[in-house]
Structure formats: C-alpha cells, structure tokens
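Chain by chain, the residues:
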Amino acid sequence: MSVLLVEDDMSIAIVITAALEAEGFSVTHCDSVAMRDRLLADSAFSVLVTDVMLTDGDGIAGLPGIRESFPKMPIIVLSAQNTLDTAVRATDTGAFEYFPKPFDIDELARTVRQAAMSSGAEMSDAQDTPTPGLPLVGRSAPMQAVYRMITRVLRNDLTVLVLGESGTGKELVAEAIHQLGHRSAGPFVAVNTAAIPAELIESELFGHEKGAFTGAVARHIGKFEQANGGTLFLDEIGDMPMQAQTRLLRALQSGTVRRVGGRDEVKVDVRIIAATNKDLEPMIAAGTFREDLYYRLNVVPIQMPPLRERADDIEALARHFLQLAAGEGLPRHQLSADGAELLSRQPWRGNVRELRNFIYRAALLARDDIIDAATLDTLLVSQPRDATEGSPANLDDSVIRWLADTAPGAGQVYDEALAAFERPLFSQVLRSTGGNQLRAAQILGINRNTLRKRISELDIDPDSFARRN
Ligand SMILES: Nc1ncnc2c1ncn2[C@@H]1O[C@H](COP(=O)(O)OP(=O)(O)OP(=O)(O)O)[C@@H](O)[C@H]1O
C-alpha cells in the first residue's frame, strides 16, 4: 500500500509519514510539483496526499490532470490556508477529502485508509510494523509539538536542551535527533553525569593522560573525543559538579578538549544534546549551576510532556511495549479495549518508563492472551508506589521494588542504592527537626559537615523543612 505525500513542511511530513507507516502504508515523500509529477509518472500509488503551497507552486492546479490520468487514485488535500476558497478549489478537483491545518493526525490516517480501501487497494496488517525512522511512539498534540522541534534541528548542529520529568523520553529524543539528523553516520555517545562520581567526571568527559592521577595507568580517551563526528548526549546535566561545568563550558566555547594531565588541546567536532529533569533556573539563582553554561546549552529547548498530559498516547505506548516485550521473548499478549482504558486513567508518575516497566511485568505475569482491565487491576494493586506514597511493608520489599524499578549501571548498584535510601532518610530526619541540620546530624549520629555535604549532593533543600509559624 503506497502513499505519495507531497508536503514541503518537513516537520508535518515526518509526523504524517510516521502515522501512515504505523497504519501499514509505505510512504514516498516529496516537496514539489515537479517531483510529484515525476514520481507519479514512474510508480503507481494507492493514494495521493498533497499540500497546497509547495516549493515550486500550487499543489491544486495540476490535480484535475492527475485525476484524469489516475482516476482510481484518491486525492487528499491538506492546507494551511484555511480559506473557503482553497476548500472549494480542492473539492472542485474531485479531492476525496480536504483537511484544513492543523488537523487531527489520527483522522487523516483513518481517511487515507478509507480512501485506499475505496479504491480497492489491499491493506497489509497494520499495527504490527513498528514505525521505521521514528522511534518515538505517540501522536498527541504535545508530542507533535516535540516532533516539530526535532525536525527543526535535524539539519543543523544547534545545541539542544531536552527538559522534562524523569522517564518522559528525553534520551529517546536525543537518539532520534541523532538517527534522523545529518550526523547519523557518526557515533552517538551518551553520558549520565549523575551516575559518575564527581572526581571521575572530568576524566570521563575529557579523557586523561597516563599518570595524570593515581590509578590513571593508561591514556583514556574521553566521551567528547569518542563522540567526534557525531553526537554527545549529556544526561542529567543538572547534576554536574561546578568544576566540571566550568571545563564543559570551556570545551563548548573553544570546540577543543584537553585531557586531564595533558597539554594539547584536541579539536573535537560534536553536536551536544543535554537533558535534565531539574529546573535549572532556581539552581542558577542558588549558585549551583553556571548561568553562562545554561545559555550555551539552552539554544533549542525541547520540553517533554509528562505522560499524564498526553493520556491519548497511553494505549499506543502500551501496545508498543507489549510488542517489544514479545520481541524480547516474553509471552505475546493483546490489550483489550477496557484494559487500554484503565491504563489511560492511571497517573504514571514515573511517566513512560513506569508504563513500560508495568507492561513488561504484565506481559510476564498475565495468564491469558488478552490482557484486560480485570488482570491489570490486580497487577496495579501490587504495583510499586513511589517513596512519597506511604511506607512499604518492610525494607526487603523496598529493596526488591527498587531493584525491579531502576536499572543502575553495572558496578553502581551499591552507590545508587545508598543514595536512594539516604534521600528519604535525610528528608524524614530533617522534617522531624524542622530543618535544623545540627540536630539532624546528632540524631543520625554523623558529622554535621558530612550531612551538609550529602544533602547538597542529593539536592535536598533543608530550608524546605523549616517550621513556619
Ligand atoms: N515516546 C516514546 N515512545 C516509545 N518509548 C518511549 C517513549 N518515551 C519514552 N520511552 C521509553 O521509556 C523509557 C524511558 O525513556 P528515557 O530514558 O528516554 O527517559 P528520560 O526522560 O531520559 O528519563 P531520565 O530523566 O530518567 O533519564 C525508555 O525505555 C524509552 O525507550
């Protein structure tokens, strides 16, 4: 099933292509009248979807001729000039349907499907083909805004700052920009700045020379150099220590890096995409994030919507993860309509990651082929809740849940588990002392400076526990 899509706005073209490919169509895209005519002369298409204003002229003018040559091929016209005039001109050409922009992408996909069927074309099995090229699932309005931003940065090297709660897909956006962009032949290197101990971060990013410090037994090439010619993804940038921030800024300004203990400046050609789930502006005000670095990174911000603000996407995501789970050897299941409805009503505080983990668990545990609301209900009851919601039955349970819910890097489980435990522990004790750190340190039996250092590293604000009269 083939669709010829004639659209000169790349961002819209990508969204439509993804939606139609998910429906099982193969899509050929071009942006001009001349190219359209050449493609029509060369190959057969089941449906023509065309914009009105194209790079080299009016997309409607030639349609009567096309209708004559290809009477069985339905034509769907899209237009941003939502005037009565274009609507009338489109319909006069015998267009199957006319869509004023902005339009509902699902409705367009449905109409193309109807048009294809009306012309007697055979459909391949739809949903089973994952959308090639666009790894992100979801067609809600907030995601379309994200796609639009992505398309704006594909052909340039502007620095992108992806913002949003944990688990909203920030890393996936970075990967999409790399894969779909003009650097796709180069490497994609991701660094989670929060997961690297502060004293190693500079060596991780910039590399080190042999003997630069105790333990530097060989020269180490840092992530910047590893990403040369490609994209460097700096995740959790809000957790980067100040000193590393300064070096990062210098590297971004100069386009060069100096290995720790080295003398030479090494030229690097990398595109930077940074991400954070923190609100950087208050951190700038508090002096924990460099303002000049923030402006360097925040050239093109992409704000990821939390899942609860795009409940429309939950069903598609759930089906997507069921497919992925089956592809990874878990039992294959279908999701019932009432199951999808139930999932769409959940808050998913951990966003897409929580939904993904939940669906994998459901795929593993569900007994029937169809996962319905009743099955999901049972699983949701035993769903781990986040730490803010009531205390777990015992510590063993918490550890089991924590291990099931997080995927710390190999070799980091101990540190990350301690940090995960320390955060609620310090918060609770500080709450009990009304934010008094000296008293909290006494209760904990640790040095006051140690407490101060740890709560700063864990980004706990002791003032937020101060008692107000
Ligand atoms: N739109 C999406 N379509 C398909 N999968 C998604 C989507 N968004 C997120 N995911 C999946 O959800 C999980 C979490 O996504 P990701 O790691 O990109 O989130 P994040 O915002 O970078 O999280 P964190 O801030 O914790 O690093 C991943 O398994 C990712 O593949």
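Residues numbered from 1 in each chain as written. Predicted model: local features only at pLDDT ≥ 70, side-chain atom pairs only at ≥ 80, totals over all residues.

**A short note on the UniProt feature "modified residue: 4-aspartylphosphate" (unreviewed entry) in the protein chain**
Feature annotation in UniProt places "modified residue: 4-aspartylphosphate" (unreviewed entry) on Asp 51, given in this structure's numbering. Locating Asp 51 in the fold gives a position in strand β3 (residues 47–51). The residues contacting Asp 51, other than those within four sequence positions of it, are Val 6, Glu 7, Asp 8, Gly 59, Leu 78 and Ser 79. (UniProt positions renumbered as here; feature names shortened; annotations may be inferred. Helix = DSSP H or I, 4+ residues; strand = E, 2+ residues; numbered from the N terminus. Contact = placed C-beta atoms within 7 Å.)

**Considerations on the packing of helix α19 (residues 437–444) against helix α20 (residues 448–457)**
Direction vectors running N to C along α19 and α20 enclose 105 degrees, while the axes themselves pass 9 Å from each other. Taken together, α19 and α20 sit at an angle that is classed as roughly perpendicular. In contact with Gln 437, Leu 438, Ala 440, Ala 441 and Leu 444 of α19, α20 contributes Arg 448, Leu 451 and Arg 452. By residue class, the composition of the contact of α19 with α20 is 5 nonpolar, 1 polar and 2 charged. (Axes fitted to C-alpha atoms, helices over the stretch in contact; angles between N-to-C directions. Parallel < 35°, antiparallel > 145°, perpendicular 65-115°, else oblique. Nonpolar A, V, L, I, M, F, W, Y, C, P; charged D, E, K, R; others polar.)

**Section: the site of the ligand**
Around the ligand lies a shell of 19 residues, among which Ser 166, Gly 169, Lys 170, Glu 171 and Val 352 are the nearest. For the shell around the ligand, the secondary-structure elements that each account for two or more residues are α7 (170–180), α13 (314–327) and α15 (351–365). Residue composition of the shell around the ligand, grouped by class: 6 nonpolar, 8 polar and 5 charged. Residue-level mapping places the shell around the ligand at the junction of two domains, with at least three residues from each of domain 2 (141–303) and domain 3 (307–381). (Near = placed C-beta within 6 Å. Domains from an automatic or database assignment.)

**Focus on the sheet that holds strand β2 (residues 26–30)**
Ordered in space as β2-β1-β3-β6-β7, the 5 strands form an open sheet in which the pairing is parallel. Of all the strands in the sheet, just β2 and β7 (97–100) have a single pairing partner and so form its edges. Neighbouring strand axes in the sheet, compared pairwise and without regard to direction, differ in orientation by 15 degrees on average. Across 4 bridges, β3 lies against strand β6 (residues 75–79) in parallel orientation. (Pairing = 2+ DSSP bridges.)

**Quick notes on the environment of Thr 288**
Locating Thr 288 in the fold gives a position in the loop between α11 (280–285) and α12 (291–297). The exposure class of Thr 288 is partly exposed, given the 18 C-beta atoms found within 10 Å. It is 9.8 Å that separates the C-alpha atoms of Thr 288 and Gln 245, two residues lying 43 residues apart in sequence. (Buried ≥ 20, exposed ≤ 12 C-beta atoms within 10 Å, placed from the backbone.)

**As for the packing of α13 against helix α14 (residues 337–344)**
For the pair α13 and α14, interaxial distance at closest approach is 9 Å and the crossing angle is 115 degrees. For the crossing formed where α13 meets α14, the hand is right-handed. Packed against α13, whose contacting residues are Ile 314, Glu 315 and Ala 318, the element α14 presents Ala 340, Leu 343 and Ser 344 at the interface. Residue classes in the contact of α13 with α14 are distributed as 4 nonpolar, 1 polar and 1 charged. (Left-handed = near helix turned anticlockwise from the far one by under 90°.)

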